[in-house]
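# Secondary and tertiary structure notes
Residues per chain, in single letters:
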Amino acid sequence: MGINLEEMSRKELLSLRDNVEKALANAEKRERKEALKAAEKAAAEFGFSLSELSDDAPRTAKGTKAKAKYRNPADPAQTWTGRGRKPQWIHDALKSGADISDLEI
């Protein structure tokens with residue numbers, strides 16, 4: 001491929017860039033399809049469908065709850081992950097002289 005970029009005009013370079021971006025997007029779609037076919041074939045060799053295997057995969061999806069790090073000693077049902085606003089019981093405990101480490105689970 002003997003393209004001399006130094007001799008191309010700005011307009012030609014922009015057009016070339018657009019063509020390269022389109023070609024890259026098409027190549028990615030093509031490779032994704034090939035990878036999916038290969039994964040489906042590999043799963044089928046073991047007697048599974050790809051969807052069956054993905055159901056078993058551990059989920060780290062958005063919306064899963066974080067583990068609680070703090071527990072209210074007065075009411076063990078009340079917990080806090082340490083994220084977001086502090087619950088009122090945390091404020092109350094800190095005001096009464098407790099240390100945050102005293103509330104850790």
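Scope of this entry: the structure provided in the associated data block. Keep in mind it's a predicted model, so treat the numbers as computed, not measured.

### What about the overall build of the protein chain?
A count of helical and extended segments in the protein chain gives 3 helices and 2 strands. For the protein chain, the sequential pattern of α-helices and β-strands runs α-α-β-β-α. Against the globule reference of 13 Å for 105 residues, the protein chain gives a C-alpha radius of gyration of 28 Å, more extended than a compact globule. Principal-axis analysis of the C-alpha atoms gives the protein chain an extent of 75 × 50 × 15 Å. When each of the 105 residues of the protein chain is scored for burial, the buried share is 10%. Residue pairs in contact within the protein chain that sit at least 24 positions apart in sequence constitute 23% of those at least 6 positions apart. Across the protein chain, 20 positive and 18 negative side-chain charges occur, with their mean positions spaced 5 Å apart.

### Thoughts on a nonpolar patch on the surface
Nonpolar side chains collect at one region of the surface, where Ile3, Leu5 and Leu13 lie side by side and expose about 240 Å² of accessible area between them. What makes Ile3 partly exposed here is its relative accessible area of 43%.

### Regarding the side chain of Asn72
Within the secondary structure layout, Asn72 lies in the loop between strand E1 (70-71) and strand E2 (79-80). Exposure remark for Asn72: the relative accessible area of 10% places this residue in the buried category. Here Gln78 takes part through its side chain, which lies 2.4 Å from a polar atom of the side chain of Asn72. For Asn72, the contacting residues outside a window of four places in its chain are Gln78 and Trp89.

### Structural notes on helix H3 (residues 88-95)
Where H3 is concerned, the buried positions are Trp89, Ile90 and Ala93. For H3, the angular spread of the buried residues around the axis is 105°, confining them to a single face. Projecting away from the buried face of H3 at angles above 90 degrees are the exposed residues Gln88 and Lys95. Buried-residue contacts for H3 involve E1 and E2.

### As for the pattern of salt bridges
Considering all chains together, one arrives at 1 salt bridge under this definition. For Arg32, the salt bridge identified is with Glu28, shortest N-O distance 3.2 Å. Of this pair, Arg32 and Glu28 both sit in helix H1 (residues 10-45), 4 residues apart, which is roughly one turn of the helix. In this structure Glu28 comes out as partly exposed when scored by relative accessible area, which is 43%.

Basis of the calculations
Residues numbered from 1 in each chain as written. Predicted model: local features only at pLDDT ≥ 70, side-chain atom pairs only at ≥ 80, totals over all residues. Heavy atoms only, no water. Helix = DSSP H or I, 4+ residues; strand = E, 2+ residues; numbered from the N terminus. Rg over C-alpha atoms; globule rule 2.2 N^0.38 Å. Buried < 20%, exposed > 50% of the residue type's maximum accessible area, 1.4 Å probe, protein only. Contact = heavy atoms within 4.5 Å. Lys, Arg positive; Asp, Glu negative; His and termini not counted. Charge placed at Lys NZ, Arg CZ, Asp CG, Glu CD. Patch = residues over 30% accessible without salt bridge, like charges linked within 9 Å, V, L, I, M, F, W, Y side chains within 5 Å. Areas by Shrake-Rupley, 256 points an atom, 1.4 Å probe, with all protein chains shown as cover. Salt bridge = Lys/Arg side-chain N within 4 Å of Asp/Glu carboxyl O. Polar contact = N/O pair within 3.5 Å; in protein donor to acceptor, adjacent residues only side chain to side chain. Arc of directions from axis to C-beta.

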